[in-house]
Amino acid sequence: MGVPSTNRPLKISQDITTRALARSAKPLAPVTPAIGDELQAITDSFIALELIPGPVDIRSRIDDRFSAVFQ
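Residues numbered from 1 in each chain as written. Predicted model: local features only at pLDDT ≥ 70, side-chain atom pairs only at ≥ 80, totals over all residues. Heavy atoms only, no water.

A.B. asks: Help me get a handle on the pattern of salt bridges, residues and values and all.
C.D. replies: Using the criterion set out here, one finds four salt bridges in the structure. The salt bridge involving R19 is made with E38; its shortest N-O contact spans 4.0 Å. Of this pair, R19 sits in helix 1 (residues 14-23) while E38 sits in helix 2 (residues 33-48), and the two are 19 residues apart along the sequence. The class for E38 is partly exposed, based on a relative accessible area of 27%. With a shortest N-O distance of 2.5 Å, R65 and D63 are connected by a salt bridge. One network of salt bridges, in which partners are shared, links D15, R19 and E38. (Salt bridge = Lys/Arg side-chain N within 4 Å of Asp/Glu carboxyl O. Helix = DSSP H or I, 4+ residues; strand = E, 2+ residues; numbered from the N terminus. Buried < 20%, exposed > 50% of the residue type's maximum accessible area, 1.4 Å probe, protein only.)

See below:
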């Protein structure tokens, strides 16, 4: 049994959706502070749309200790 269609538009802007889809199924890459900034922007959008409770500080959870392995 599949998920029922609601035919409602997403409450997420197209640029955020496009960026999220572009990141899926990619090869492994270094985790950088810039990625943390992008993830925080996406998280902040979800909070603004009341899709998740806030505040959430995802940026501070970025750990780049192993980034050199991927370079």
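From this point, the narrative continues.
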